[in-house]
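Take a look at the letters that make up each chain.
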Amino acid sequence: MSSRFSVVPNRRVVTLIVLTLAVCLLGTYAAAQNSNQPKDEVYVGYSWLHTGGYVDFGYKSPDIVAGFDISNTYYLPQAHNWGLLTDFSYHWDGKIPNTGIDNVKIADIFGGVQYKYHTDTMSPFVRAFVGGVDHAGAANISKWSTGAGFGGGLDLTMWTKFSLRLVQVDYIYNNYTPKYASGHNPEWNSIRASAGVVFNLGTFYTPPLSCTASASPN
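Residues numbered from 1 in each chain as written. Predicted model: local features only at pLDDT ≥ 70, side-chain atom pairs only at ≥ 80, totals over all residues. Heavy atoms only, no water.

Q: Can you help me understand the pattern of salt bridges in this one?
A: Close approach of charged atoms lets side chains of opposite charge pair. Under the defined criterion, the tally for this structure stands at nine salt bridges. With a shortest N-O distance of 3.2 Å, R165 and E41 are connected by a salt bridge. With R165 in strand β7 (residues 162–175) and E41 in strand β1 (residues 40–50), the pair connects residues that are 124 residues apart, well separated along the chain. On the accessibility criterion, E41 (2% relative accessible area) is buried. Linking R192 and D170 is a salt bridge whose minimum nitrogen-to-oxygen distance equals 2.9 Å. Of the two residues, R192 is situated in strand β8 (residues 187–201) and D170 in strand β7; the sequence distance between them amounts to 22 residues. One exposure class covers both R192 and D170, and it is buried. (Salt bridge = Lys/Arg side-chain N within 4 Å of Asp/Glu carboxyl O. Helix = DSSP H or I, 4+ residues; strand = E, 2+ residues; numbered from the N terminus. Buried < 20%, exposed > 50% of the residue type's maximum accessible area, 1.4 Å probe, protein only.)

See the structure below:
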């Protein structure tokens, strides 16, 4: 009879230990999850543009080394890696060799989507966007055209509120018909390269509950 009563408490102890271990394991798993889950991010950086097209009078548009890129990404509450992207870049002082022309300017305004694989260290991302491209070519006449593109890059997390964008590369396609015919294909195939800083605003991350449970046969 005594052995029967001794079995029941032992089963309860084993059950309690198993439940305690399960809670601890769940807490450990949750703690191992990524804590870098911003609600919004703002990027500001230097930008270089390979224009890949022709401007007025048949001149090949130059690569432009003076530029910046600013973007904002709002991440979705239901899917923290997916975000709504807005992007603006401006490049100026494009110089066409042996012509005296040094005022080629390109501005881009885009909206789109971005997917970033958030981690506590390196966070790669890809994105796609559409919008408008403004050209001020050799004739210094501003003209907008529709543009679209895609790209990606890599961020290095310094801490939860701040990251370094090590590299960002975008392909941009648009058509530009010069005010003064150039005789060249109006298609532009541009490459934009950028690097800078990312400010992470807010967070979706919820710290896991710590496990303080203990089991005692008594």
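Q: Can you walk me through the environment of Y54 in this structure?
A: Residue position: Y54 is located in the loop between β1 and β2 (66–75). Classification of Y54 as partly exposed rests on a relative accessible area of 28%. Residues Y54 and E187 lie 133 residues apart in sequence; the distance between their C-alpha atoms is 8.5 Å.

On their own, these measurements won't tell you what the molecule is for.
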